[in-house]
Amino acid sequence: MHNVLPPESKFALENSCNRIVGKTIGEIAKTYGVVVPKNLKHFKGWIGQLFEYALGANSGSKPVPDFEHLGIELKTIPISDKLKPLESTYVCNINLHNLVQQTWENSLVKKKISHVLWVPIISISDNIANRIVAAPIFWRPSVEELSVIKGDWHELIEYLALGQVEDIHGKLGIFLQVRPKAANSKSRSKAVNQIGQLYKTLPRGFYLRASFTEQIIKNNYL
DNA sequence: AGATGATCATCT
DNA sequence: AGATGATCATCT
């Protein structure tokens, strides 16, 4: 399998996107000689990784944007034929201890969502290979969108800073929410409780709600 | 353990 | 059917 070099510019990345739009997952996989799994149960991140490879994203599992030199984050997103996202979008992990020096301005959420390349995949077919790549979208949040997300972030971080991790649930937040992000419900990571003691709890992550990403996609297509 | 890539499964 | 909570694979 040959190596795909990172795009040198946003223009180069746009050209790569133009080459894959309208293709099926099967066609793209064939280009790189990889086998498409029958389903994603045991390969949940497979499509995302295929596009990281095809577009030359190379940041690996480091907590930085996929195209680090361009400051662009890559997100594949499954959508219906009516442009509705079928899933929420994972943004990043949450540090449940050491919250004092975290600010919105230096937050990973802000960094990750400031410039996103959305690659919507029309996922009507259960057959992964038959799913179709819709037009990729280079998106920057508007001032209004950013302000709502900033408000969500502050509300959610407030719980964590007060040691109320266990009171957080998926219903909180307008665009941004907190949900478990773990291998299973027995996974544990470091957190602080209300009286400042370290303890272990279920790891959590920030996610963008599907109702929000639906607007991003519709604003760009309709 | 914590970061990346997410989707699955169950509840409402 | 949509949303929340649970889960799967891989890398460092």
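Note that the structure is a prediction, hence the values are computed from the model and not measured. (Residues numbered from 1 in each chain as written. Chains lettered and ligands numbered in written order. Predicted model: local features only at pLDDT ≥ 70, side-chain atom pairs only at ≥ 80, totals over all residues. Heavy atoms only, no water.)

K.L.:
Tell me what's going on with unusual backbone geometry, and back it up with residues and numbers.
P.N.:
Although it is not a glycine, Leu-83 sits at a positive phi angle of roughly 70°. Turning to its location among the elements, Leu-83 is positioned in the loop between strand 1 (73-79) and strand 2 (89-93). Since its relative accessible area comes to 15%, Leu-83 is described here as buried. One non-glycine residue with positive phi stands out, namely Asn-98, at about 60°. Along the chain, Asn-98 turns up in the loop between strand 2 and helix 4 (108-113). (Helix = DSSP H or I, 4+ residues; strand = E, 2+ residues; numbered from the N terminus. Buried < 20%, exposed > 50% of the residue type's maximum accessible area, 1.4 Å probe, protein only.)

K.L.:
So what's going on with the sheet that holds strand 2? Which residues, and what values?
P.N.:
The three strands lie next to each other as 2-9-6, forming an open sheet whose pairing is antiparallel. At either end of the open sheet lies a strand with only one pairing partner, and these are strand 2 and strand 6 (176-180). Taken pair by pair, the neighbouring strands of this sheet meet at an average axis angle of 40°, ignoring direction. Sheet topology note: the strand 2/strand 9 (residues 204-208) ladder contains four bridges and is antiparallel. Directly across from Thr-89, in strand 9, lies its bridge partner Leu-208. Strands strand 6 and strand 9 of the sheet are contacted by helix 5 (residues 143-161), whose axis makes an angle of about 40° with strand 6. (Pairing = 2+ DSSP bridges. Axes fitted to C-alpha atoms, helices over the stretch in contact; angles between N-to-C directions. Contact = heavy atoms within 4.5 Å.)

K.L.:
Outline the pattern of salt bridges, listing residues and values.
P.N.:
Side chains that differ in sign of charge can pair as their charged atoms come close. Within this structure, the stated rule accounts for seven salt bridges. The shortest N-O distance in the salt bridge between Lys-10 and Glu-14 comes to 3.8 Å. Pair noted here: Lys-10 and Glu-14 are both in helix 1 (residues 10-20), with a separation of four residues, about one helical turn. Given a relative accessible area of 34%, Lys-10 falls into the partly exposed group. A salt bridge links Glu-73 to Lys-112; its shortest N-O distance comes to 3.8 Å. With Glu-73 in strand 1 and Lys-112 in helix 4, this residue pair connects regions lying 39 residues apart in the sequence. The structure contains a network of salt bridges with shared partners spanning Glu-73, Lys-75 and Lys-112. (Salt bridge = Lys/Arg side-chain N within 4 Å of Asp/Glu carboxyl O.)

K.L.:
Outline the protein's contact with DNA strand C, listing residues and values.
P.N.:
Around DNA strand C, the surrounding shell holds 18 residues, and the nearest of these are His-42, Lys-44, Gly-170, Ala-182 and Ser-185. Protein-adjacent atoms of DNA strand C, using a 4 Å cutoff, are sugar or phosphate at a proportion of 56%. Gly-170 places a polar main-chain atom, nitrogen or oxygen, 2.5 Å from a phosphate oxygen of DNA strand C. Within the side chain of Arg-179, a nitrogen or oxygen atom sits 2.7 Å from a base nitrogen of DNA strand C. Classifying every residue of the surface near DNA strand C gives four nonpolar, seven polar and seven charged. (Near = heavy atom within 4 Å. Polar contact = N/O pair within 3.5 Å; in protein donor to acceptor, adjacent residues only side chain to side chain. Nonpolar A, V, L, I, M, F, W, Y, C, P; charged D, E, K, R; others polar.)

K.L.:
Could you give an account of the packing of aromatic side chains, with specific residues and numbers?
P.N.:
Evaluated as defined, the whole model comprises six aromatic pairs. For the ring pair Trp-139 and Phe-212, a centre distance of 6.1 Å and an interplane angle of 70° mean the geometry is edge-to-face. Taken together, the residues span a long stretch of sequence, with Trp-139 in strand 5 (residues 137-139) and Phe-212 in helix 6 (residues 210-221) at a distance of 73 residues. Assigned by exposure class, Trp-139 and Phe-212 land together as buried. An aromatic cluster is defined as three or more aromatic residues linked by ring pairs; in this entry it consists of Trp-118, Trp-139, Phe-175 and Phe-212. (Phe/Tyr/Trp six-rings, centres within 6.5 Å; stacked < 30°, edge-to-face > 60°.)

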